[in-house]
Every structure is written in structure tokens, then in C-alpha cells.
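The residues making up each chain are set out below.
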Amino acid sequence: MSQKPLRVISAADVNLGIGKCGTVPWELPNEFRYFFSKITAVSAPGRKNLVIWGRGSAVKDCPSLPNCYGVVLSRTLSSVPENANYLCRDLPSALVLCSLPPLSEEVETIWVIGGVKPYAEAMKHPNCDRIYLSNIMAQFNCDTFFPEFDRETFRLVNEFPGVPSEIQEENGIKYKFQVFQKVSKQ
Ligand SMILES: NC(=O)c1ccc[n+]([C@@H]2O[C@H](COP(=O)([O-])OP(=O)(O)OC[C@H]3O[C@@H](n4cnc5c(N)ncnc54)[C@H](OP(=O)(O)O)[C@@H]3O)[C@@H](O)[C@H]2O)c1
């Protein structure tokens, strides 16, 4: 099984709402740019990240992600969607991809970008060391919610390198970038 860092990234409102009617219910271009920059960041040319999403969480209007292999989770699809490279039946199968060549050589970081079940499973995985959870400081009428996670195991970091700590505002909506780091066991 892969020992690469497994990270979760999301944006949620004050009630941990993340989606409504199959979409994200806010328009925050800079927050999206932050998300995009995190999942596509690699340390050197030729390196890649593995980005995993459930069938309902593809990155909107994005035919492919630079520096990334995309994995869609689905038990009903029979072929790989255009914006992805792999189709897997479950999260463990997606993680196995990274333990085999050529991905074992190329992939640096595994990102889970939604939805609820992939987030929940990823956060329980031993290799999950970090949760990037933007805090949208407003209430939307969401129908999909970020899963609860153990805030003793994952602790909010006050200042995280590469993550602006000041409150952001776009389209009249305030939000904060937040990072929760897994506390290492002694
Ligand atoms: N705010 C944010 O940061 C954010 C991020 C991501 C998504 N969202 C929003 O969240 C909503 C979508 O999330 P969602 O939880 O409803 O759906 P989802 O997880 O994106 O997609 C659900 C489908 O994906 C497949 N799937 C999910 N988990 C799986 C697993 N562990 N193993 C195998 N297949 C799996 C299944 O497809 P099959 O039925 O084909 O088997 C399932 O029906 C949308 O509103 C989206 O815009 C928001």
C-alpha cells in the first residue's frame, strides 16, 4: 500500500456545507485558484500528484489537471471519464495505483477532493496527514456536508507555510484558509 502523503482539500460553510444540487453554492475565484494551486503543486518537472474524486465532484470546466493523474471513483461507470486518467471502484484501489510503477515513481502527493464518502474514508486512512478546509464564513442552504473529523487527531495550525492566514473576502463573502495537521503519536 502507498506510503505517500494523503491529503484532503475542501471548502465548507459555517455548517460544514460543501454542496447544493450537485454544485458548489458559492462563487469564489481566488479560493478556487488556491485549491487548484495546492492540488497541482509538485516539487520538480515530471513529478505528479494523484487527484481522487467521486463521480459527482469533478473539477468544473477543467478537461485535465496539470501535473496530475485524475482518478474517478465509481461503481457504475464502465469507462474512464474524459477529464480523468483512471476509474476505480473504491478508494483502496485508487491508492494501490500509487504503489505500482509507473505511478509509484512519479506521484508525490495524493489529494482527495470530494465528495463526502471519499473525504470520510481518506481522513480515516493512516497516511492522511493533513486536511485543507477553507472556512466559508457564511451560511448556504447546502444538501451535502463535509464529514465530521476528530479535531484531537487533526489540529488547526495557526500559521501554515504557503497558506495566507488573514481573512479573505470575495463577492461579499468572507472566508479563511485553514489547515488541520495530524498530531503525530509519541
Ligand atoms: N465545497 C467543496 O470543496 C466541494 C468539494 C467536492 C464536492 N463538492 C460538492 O459535493 C457534492 C458532491 O459530493 P457527493 O458526496 O454528493 O458525491 P461524490 O462523492 O462526488 O459522488 C458520488 C458518487 O461517486 C462514487 N463514489 C463516491 N465515493 C465512492 C467510493 N468511496 N467508492 C466508490 N465510488 C464512490 C459513486 O458513484 P457510483 O454511483 O457511480 O458508484 C457515488 O454515487 C456536489 O454538490 C459538489 O459540488 C464540494
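Just above sits the structure.
Residues numbered from 1 in each chain as written. Predicted model: local features only at pLDDT ≥ 70, side-chain atom pairs only at ≥ 80, totals over all residues. Heavy atoms only, no water.

K.L.:
I'd love a proper account of the environment of valine 107, names of residues and values included.
P.N.:
As for its placement among the helices and strands, valine 107 is situated in strand β6 (residues 107-112). Assessed through its relative accessible area of 1%, valine 107 is described here as buried. In sequence terms valine 107 and cysteine 68 are 39 residues apart; their C-alpha atoms lie 8.4 Å from each other. Contact partners of valine 107, with chain neighbours within four places excluded, come to Lys4, Arg47, Lys48, Asn49, Leu50, Tyr69 and Cys98. (Helix = DSSP H or I, 4+ residues; strand = E, 2+ residues; numbered from the N terminus. Buried < 20%, exposed > 50% of the residue type's maximum accessible area, 1.4 Å probe, protein only. Contact = heavy atoms within 4.5 Å.)

K.L.:
Give me the lowdown on helix α1 (residues 29-40), citing residues and values where you can.
P.N.:
The end-to-end C-alpha distance of α1, which contains 12 residues, comes to 16 Å, matching closely the 16 Å that a straight helix rising 1.5 Å per residue would cover. Where α1 is concerned, the buried positions are Glu31, Tyr34, Phe35, Lys38, Ile39 and Thr40. (Expected span 1.5 Å × (residues − 1).)

K.L.:
Requested: an account of the nonpolar core, with residues and values cited.
P.N.:
Judged by nonpolar contacts, the single largest core of 30 residues is most densely connected at Val8, Leu50, Ile52, Ile131 and Phe146. When contributions to this core are tallied by element, the ones reaching two or more residues are β1 (6-12), β3 (48-54), β4 (68-73), α2 (91-97), β6, α4 (116-124) and β7 (128-136). Among residues more than four places away in sequence, those in contact with isoleucine 131 are Val8, Met123, Phe146, Phe149, Phe154, Gln178, Val179 and Phe180. Of all hydrophobic cores here, the second largest spans 26 residues; its members include Val59, Val72, Cys142 and Val179. (Core = buried A, V, L, I, M, F, W, Y, C linked by side-chain atoms within 4.5 Å.)

K.L.:
Talk me through the site of the ligand; I want residue IDs and the actual numbers.
P.N.:
As a structural note, the neighbourhood of the ligand is formed by 28 residues, with Arg55, Ser57, Ser74, Arg75 and Thr76 the closest of them. Between a nitrogen atom of the ligand and a main-chain N or O atom of alanine 11, the distance comes to 2.8 Å. Bound to the protein, the ligand loses 81% of the 910 Å² it would expose on its own. Elements that contribute at least two residues to the shell around the ligand include exactly β1, β2 (17-19) and α4. No other element matches the five residues that α4 contributes to the shell around the ligand. For the shell around the ligand, the per-class residue count stands at nine nonpolar, 12 polar and seven charged. (Near = heavy atom within 4 Å. Polar contact = N/O pair within 3.5 Å; in protein donor to acceptor, adjacent residues only side chain to side chain. Areas by Shrake-Rupley, 256 points an atom, 1.4 Å probe, with all protein chains shown as cover. Nonpolar A, V, L, I, M, F, W, Y, C, P; charged D, E, K, R; others polar.)

K.L.:
Describe the packing of aromatic side chains, with residues and values.
P.N.:
A complete count under the given rule lists 12 aromatic pairs for this structure. Centroid distance phenylalanine 32 to phenylalanine 35: 5.7 Å. Interplanar angle 45°. Geometry classified as tilted. You can see phenylalanine 32 and its partner phenylalanine 35 sitting in helix α1, three residues apart, about one turn around the helix. A relative accessible area of 36% means that phenylalanine 32 is categorised as partly exposed. You can call phenylalanine 35 buried: its relative accessible area is 11%. (Phe/Tyr/Trp six-rings, centres within 6.5 Å; stacked < 30°, edge-to-face > 60°.)

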